[in-house]
Amino acid sequence: MAKKEETPNMVERFAEFKELKNIDKTTMISVLEESFRNVLAKMFGTDENLDVIMNPDKGDVQIFQNLQVVPDGEVDDPNRQISLSDARADNDPEVEIGEEHTKEIIFANFGRRAILNLRQTLQSKILDLQKDALYNKFKDLEGELVSGEVYQTWSKETLLMDVEKNELHLLKSESIPGDFFRKGENVRAVISKVDNTNNNPRIYVSRTSEAFLRRLFELEVPEIHDGLINIRAVARIPGERAKIAVESYDDRIDPVGACVGVKGSRIHGIVRELRNENIDVINYTANPSLLIQRALSPARVSSIRLDEEEKKAEVFLRPEEVSLAIGKGGLNIKLASMLTGYVIDVYRDTEEAAEEDIYLDEFKDEIDGWVIDALKNIGCITAKNVLNTPREQLIERADLEESTVDQVLEVLKAEFED
């Protein structure tokens, strides 16, 4: 009787696995069958002549052993053969020698040791399966935003737990300077790396990566989430300052205004999350000269000389603009270089030249705005920039008509003659 009582307990134990997270029904059945076969192979020496039929809905299993019928007294291997009289006595009265007899095996009859062995095998396989599922799930989520509750904090690491009680490791080096977490506090980060050394998944998250800033903007700005605005480039010095270049696929949408929000409503939430990290949002352009000019904001650039092969830019500014371009601690120029991909060198215009020069925007009453924009797109920010550029280059690079260029040159020359 004791052996029969094991059967429902064993079945209930298997039924529990239906509730395991990240393991689908088909995989569960396969693992159960494989576990039975492993244990049975050790018991019978082989599982080749065994049929294992899983019934997960009922939570039970049937095992059948296929034996060759041999004459009485000629059974050499009882795990593969059965005597004719035994086969006929086992509910198969018409079987003949040489045929196959199928015998049902009641696993619970093998005792507690066999059942314990099966459970241990099954638990080991389930654990491996869970680890694989966990790794694959989070590997596909690298770069995505996650949220976790602070479980433990050490000097070099903070351990977070997500809603499914998965461990997320936030290293000190991946925390924003100024981050201070209390136990039970909810923390957001992006999944930066998923390691699986020795089949032991370890999920690392980051608050300092560019991806974290991108995901926060996607969360706060519906137009980015909906694909109407695209983030083209991001540069960050965590906890200090960041620059982000955006563009809109809809001419009716101002990408910078949408990202900042009314009175800064959208960007303020991101700044708070990043421990008051200052964020500059600029309009993206494929023109490197103009992009560099915008990236160096709030400084106003006088002229730019590019070496596109070497990815270097020489930027000339009025003396009072140089400190703005460089920024406190060199942050502004460093971020501008990171954002544009150019090594930027800043040069001071001579004071005399600076005083004589005039920004093109000052000529809007005499020169059409689109013409000024075309000239600025090729790095001609001031009147002197235009006058010092060969006429043929202005026509070719700015894609302007000869008559238009001549008119611009006439206006600018007249200003300095006056």
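Quick note: structure is the one above.
What you see as residue numbers is a count from 1 along each chain, following the sequence as written. This being a predicted model, a pLDDT of at least 70 is required before a residue's local features are given, and a value of 80 or more before pairs of side-chain atoms are given or counted; all residues contribute to the totals for chains, interfaces and linings. For side-chain calculations, the full set of non-hydrogen atoms in the structure is used, while hydrogens and water are omitted.

Focus: helix α11 (residues 331-340)
Per-residue accessibility, obtained with a 1.4 Å probe over protein chains only, is compared with the maximum for each type, and a residue is labelled buried under 20%, exposed over 50%, and partly exposed between these values. To qualify as a helix, a DSSP run of H or I must reach at least 4 residues; to qualify as a strand, a run of E must reach at least 2; elements of each kind are numbered from the N terminus. Within α11, eight of the 10 residues are buried, leaving the element largely enclosed by the surrounding structure. Buried within α11 we find L331, N332, I333, L335, A336, S337, L339 and T340. The contact criterion used is simple: two residues touch if any of their non-hydrogen atoms lie within 4.5 Å. If you follow the buried residues of α11, they end up packed against β10 (229-237), β11 (241-248), β12 (278-283), α9 (288-295), α10 (319-326) and β15 (343-348). Positioned one or two residues after α11, G341 has a phi angle of 80°, which is positive.

Topic: the sheet that holds β15
Note on sheets: strands pair through backbone hydrogen bonds, and any given pair is parallel or antiparallel. One bridge is not enough; two strands pair if DSSP finds at least two bridges between them. Overall, mixed pairing links the three strands, which are arranged β13-β14-β15 in an open sheet. For this open sheet the edge positions go to β13 (301-307) and β15, each flanked by a neighbour on one side alone. Taking the axes of each pair of neighbouring strands and ignoring which way they run, one obtains an average angle of 20° across the sheet. Pairing of β13 with strand β14 (residues 312-317), which is carried by six bridges, proceeds in the antiparallel orientation. Paired with D307 across the two strands is K312, which belongs to β14. Running over the sheet, α9 touches β13, β14 and β15 and is turned about 130° from β13. Here an axis means a line fitted to C-alpha atoms, over the contact stretch when the element is a helix, while the angle between two N-to-C directions is reported on a 0 to 180 degree scale.

Considerations on helix α16 (residues 402-417)
Helical periodicity: at 3.6 residues per turn, an α-helix aligns residues three or four positions apart in one direction. A helix is expected to reach a length of 1.5 Å times the quantity of its residues less one. For α16, with 16 residues, the first-to-last C-alpha span of 22 Å sits near the 22 Å given by 1.5 Å per residue. For α16, the set of buried residues is T404, V405, V408, L409, V411 and L412. Projected down its long axis, α16 shows its buried positions confined to an angular sector of 160°, all on one face. Those residues of α16 that are exposed and angled more than 90 degrees off the buried face are S403, E410 and E417. Tucked inside the fold, the buried residues of α16 contact α13 (369-377), α14 (383-387) and α15 (391-397). The directions from the helix axis to the C-beta atoms are what the arc is built from.

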